[in-house]
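Given next are the chains, with one letter for each unit.
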Amino acid sequence: MANHHNNLLQLTYIRTVTLFGQSAAILFALYVLQAELNVWILASTLAALALMNLATYARLRSGWPVTEPEFFTQLVADVVLYGCLLFQTGGATNPFIFLLLVPLIICSATLSQRFSLMMGGLVIGIYSSLLFYFIPIIEADSRHQHALLNLFDLHITGLWINFLLTVGVVTWFIVRMRQSMDRQQERLEEEREKRIHDQQLLSLATMAAGTAHELGTPLSTLRVLVSELKAERGDDPELQEDLDLMRQQIDACSERLQQFSRSVREEQASQRLEPFDDILEDVIEQWMIQRPDVTYHLIMESSGATPVIRNSTSLSQSILNILNNAADAEPKDIEVSLNWNDNNITLLIHDQGPGLSLEAHDNLGKPFVSTKGRGLGIGLFLTATTLARYDGSVRLYNHPDGGTLTEVIIPRSKQND
């Protein structure tokens, strides 16, 4: 159900303009045209419009959504009050008769067809009745002959002024309504994308947990088989060395699975404030242990105080994923650049690999989409998810000098909260 809160707020602005405009028109009719008007009745109608506007503004301060029927009722009240003003100021001969079109156009632009048809019927009924039932502004007697001679010219001029005002108000209001609807649509699209993203992440976590559980059995089997082979072939030193290496790899896999099961509990406890350059150096140190074939050079450019952010296991793993992606593309001559200013922390990683294809560039960040033939396609997806928690982002570009440039941006604001 659409919330017409912003539409009703814009309507209060239009009422304010109408109040000042109608007050000025009534003063003009009284003192320039010397019209015979019932000032008290007109003042009461304008006061009712002003009180309704104040009550509407007070209502908007509450958290309750503005529904279609409520917004339609507000527009109906406007039409009725405008009709009362026009009845007392010449009816259909009043050049401001087109004021009745404003609520109709707003209704047509924002509400459903049913309400638009009801509003159209109400406006036609009020306009038609004002053709026959109204209080004339000027009586045709000898005292006002001089005014009657100029009344037609004033009427045409008034129609022109009213047309300009109506066009301006309606155009402004419709543009604001359209902008509000566009923003609402954008929010809906963002929520939809976030829901899809969360579902993908939940599916990935479920599959990862199931896979980790299932891998425990074959690893235990392999450990038993390695022990039996060591006992049977104890006279072969070369085989014993290979079996020891295999046992180390099995133990490493088991430890990794156990660490995975503990990661959720340790995530919150592991968060701590650390300078970002120290975080990067620790990750690079771990990276060099995993990838001894990598050669790189690190460039740090500072502007202002050293950035301090809340570190976590997932953040370090995200940076490690990006570094591993660069090493998978080309392990030699990787350039890692870190710089910061008062607003952002920027990490740039330039590898000398083949770069990104157009298809890969369009699908980056989506789960199970990989630029590597042997990749699972989840590293960059998890990295983007982690950086989003820091209001950060990761983007990949084809570098002009060849290879891929990975850009990580983390805003410094609120990172210490």
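The structure displayed is predicted, hence computed values, not measured ones.

1. Examining the overall build of the protein
Here's step 1: When helices and strands are tallied, the protein shows eleven helices and seven strands.
Here's step 2: For the protein, the residues scored as buried account for 35% of the 417 residues in total.
Here's step 3: Partitioning the intrachain contacts of the protein with sequence separation of at least 6 by distance along the chain shows that 73% fall at a separation of at least 24.
Here's step 4: Just so you have it, the protein exposes about 24,400 Å², and 60% of that area is on carbon and sulfur atoms.

2. Overview of the packing of aromatic side chains
To describe a pair of aromatic rings, you give the distance between the ring centres and the angle between the ring planes.
Here's step 1: Here the structure, examined in full by the defined rule, presents two aromatic pairs.
Here's step 2: Measuring from ring centre to ring centre gives 5.8 Å for W287 and Y296, while their planes differ by 55°; the resulting arrangement is tilted.

3. Description of the packing of helix 8 (residues 276–290) against helix 9 (residues 313–329)
When two helices pack together, their arrangement is given by the angle between the helix axes and the distance between those axes.
Here's step 1: Look at helix 8 against helix 9: their axes get within 10 Å of each other, and the N-to-C directions meet at 50°. Relative to helix 9, the element helix 8 is oriented oblique. Judged by the twist between their axes, the crossing of helix 8 over helix 9 is right-handed. On helix 9, the residues that touch F276, I279, L280, V283, I284, Q286, W287 and Q290 of helix 8 are S316, I319, L320, L323, N324 and A327.

4. Topic: the confidence of the model for the protein
Here's step 1: Residues of the protein with pLDDT of at least 70 account for 73%, and the chain-wide mean is 77.
Here's step 2: Within the model, pLDDT remains below 50 along residues 142–146, and this stretch shows six contacts once partners closer than five positions in the same chain are excluded.

5. Considering the environment of S316
Here's step 1: Among the secondary structure elements, S316 is positioned in helix 9.
Here's step 2: Considering only alpha carbons, one finds S316 and V283, 33 residues apart in sequence, at a separation of 6.2 Å.
Here's step 3: S316 has contacts with I279, V283 and N311, leaving out every residue within four places of it along the chain.

6. A look at the nonpolar core
Here's step 1: F71, L75, L100, I106, C107, L111 and M119 are the most contacted members of the largest nonpolar core, which has 36 residues in total.
Here's step 2: Of all the secondary-structure elements, those providing two or more residues to this core are helix 1 (5–31), helix 2 (39–60), helix 3 (68–88), helix 4 (101–110) and helix 5 (113–130).
Here's step 3: Per element, the largest residue contribution to this core is eight residues, and it comes from helix 3.
Here's step 4: The contact partners of L111, leaving out residues within four places of it in the chain, are H4, E68, F71, F72, L75 and S116.
Here's step 5: L280, I349, V394 and I410 belong to the second-largest nonpolar core, a separate cluster that totals 30 residues.

7. So, the pattern of salt bridges
Two side chains that carry opposite charge are able to pair once their charged atoms sit near each other.
Here's step 1: Counting across every chain of the model gives four salt bridges.
Here's step 2: In this structure, the salt-bridge partner of D293 is R291, at a minimum N-O distance of 4.0 Å.
Here's step 3: Exposure remark for R291: the relative accessible area of 17% places this residue in the buried category.
Here's step 4: One salt-bridge network, in which partners are shared between bridges, spans R291, D293 and D328.

8. Quick word on unusual backbone geometry
Here's step 1: The backbone of D333 shows a phi angle near 55°, a positive value even though the residue is not glycine.
Here's step 2: Position of D333 relative to the elements: it lies in the loop between helix 9 and strand 4 (334–340).
Here's step 3: With a phi close to 60°, D391 is a non-glycine residue in the positive phi region.
Here's step 4: When you line up the elements, D391 lands in the loop between helix 11 (379–388) and strand 6 (393–398).

9. Quick word on the packing of helix 1 against helix 2
Here's step 1: For the pair helix 1 and helix 2, the least separation of the axes is 10 Å and the interaxial angle reads 160°. In terms of their interaxial angle, helix 1 and helix 2 are classed as roughly antiparallel. Considering the relative orientation of helix 1 and helix 2, their crossing is left-handed. Within the contact between the two elements, helix 1 uses H5, L8, L9, T12, R15, T16, L19, Q22, S23, I26 and L30 and helix 2 uses V39, L42, L46, L49, A50, M52, N53, T56, Y57, R59 and L60.
Here's step 2: Along the lines of polarity and charge, the residues of the contact of helix 1 with helix 2 split into 13 nonpolar, seven polar and two charged.

Basis of the calculations
Residues numbered from 1 in each chain as written. Predicted model: local features only at pLDDT ≥ 70, side-chain atom pairs only at ≥ 80, totals over all residues. Heavy atoms only, no water. Helix = DSSP H or I, 4+ residues; strand = E, 2+ residues; numbered from the N terminus. Buried < 20%, exposed > 50% of the residue type's maximum accessible area, 1.4 Å probe, protein only. Contact = heavy atoms within 4.5 Å. Areas by Shrake-Rupley, 256 points an atom, 1.4 Å probe, with all protein chains shown as cover. Phe/Tyr/Trp six-rings, centres within 6.5 Å; stacked < 30°, edge-to-face > 60°. Axes fitted to C-alpha atoms, helices over the stretch in contact; angles between N-to-C directions. Parallel < 35°, antiparallel > 145°, perpendicular 65-115°, else oblique. Left-handed = near helix turned anticlockwise from the far one by under 90°. pLDDT = per-residue confidence, 0-100. Core = buried A, V, L, I, M, F, W, Y, C linked by side-chain atoms within 4.5 Å. Salt bridge = Lys/Arg side-chain N within 4 Å of Asp/Glu carboxyl O. Nonpolar A, V, L, I, M, F, W, Y, C, P; charged D, E, K, R; others polar.

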